[in-house]
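Below, each chain spelled out in residue letters.
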Amino acid sequence: QVQLVESGGGLVQPGGSLRLTCAASTFIFNAYVMGWYRQAPGKQRELVATITSGGSTNYADSVKGRFAISRDNAKRTVTLQMNSLKPEDTAVYYCNAQRVSASQHYWGQGTQVTVSS
């Protein structure tokens, strides 16, 4: 079992920044690909960014150049730095962990990000 806890969401004006953090309970953190997903009102959940234990990243086209995902394997955390936020970034953001050797996904409970003036 892997428990994921997100923090850092909130209300921000367009053009502002937020940093989301996800803390994982597993002691084999390096065995997981970590990621951030989001679900906006009336929309399906979509991938925002992923990062492997070695630091290889992947981003959705809509956030490239604005968001940055990183991980600290010693602290077992993954962060999402969000800059130049737009109203369309408004969503519940979920932390995700996928075991490399399996297809099992684990999800956090989500944190609300609202971008509005």
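Pairing is antiparallel across the open sheet formed by 4 strands, whose spatial order is β1-β3-β8-β7. Taken across any chain shown, the strands that pair with only one partner, and hence form the sheet edges, are β1 (4–7) and β7 (67–72). Between one strand and the next, the sheet's axes are offset by a mean angle of 15°, whatever the strand orientation. When strand β3 (residues 18–24) meets strand β8 (residues 77–82), the two strands line up antiparallel, connected through 6 bridges. Along β8, the bridge assignment pairs A23 with T77.

On to the packing of aromatic side chains. Enumeration according to the criterion identifies 2 aromatic pairs in this entry. Each ring, one from Y32 and one from Y106, has its centre 6.2 Å from the other, and the planes form 70°; the classification is edge-to-face. Here Y32 is found in strand β4 (residues 32–39), whereas its partner Y106 is found in strand β10 (residues 105–107), with 74 residues between them in sequence. Accessibility assignment for this pair places Y32 and Y106 in one class, buried.

Definitions and cut-offs
- Residues numbered from 1 in each chain as written.
- Predicted model: local features only at pLDDT ≥ 70, side-chain atom pairs only at ≥ 80, totals over all residues.
- Heavy atoms only, no water.
- Pairing = 2+ DSSP bridges.
- Helix = DSSP H or I, 4+ residues; strand = E, 2+ residues; numbered from the N terminus.
- Axes fitted to C-alpha atoms, helices over the stretch in contact; angles between N-to-C directions.
- Phe/Tyr/Trp six-rings, centres within 6.5 Å; stacked < 30°, edge-to-face > 60°.
- Buried < 20%, exposed > 50% of the residue type's maximum accessible area, 1.4 Å probe, protein only.

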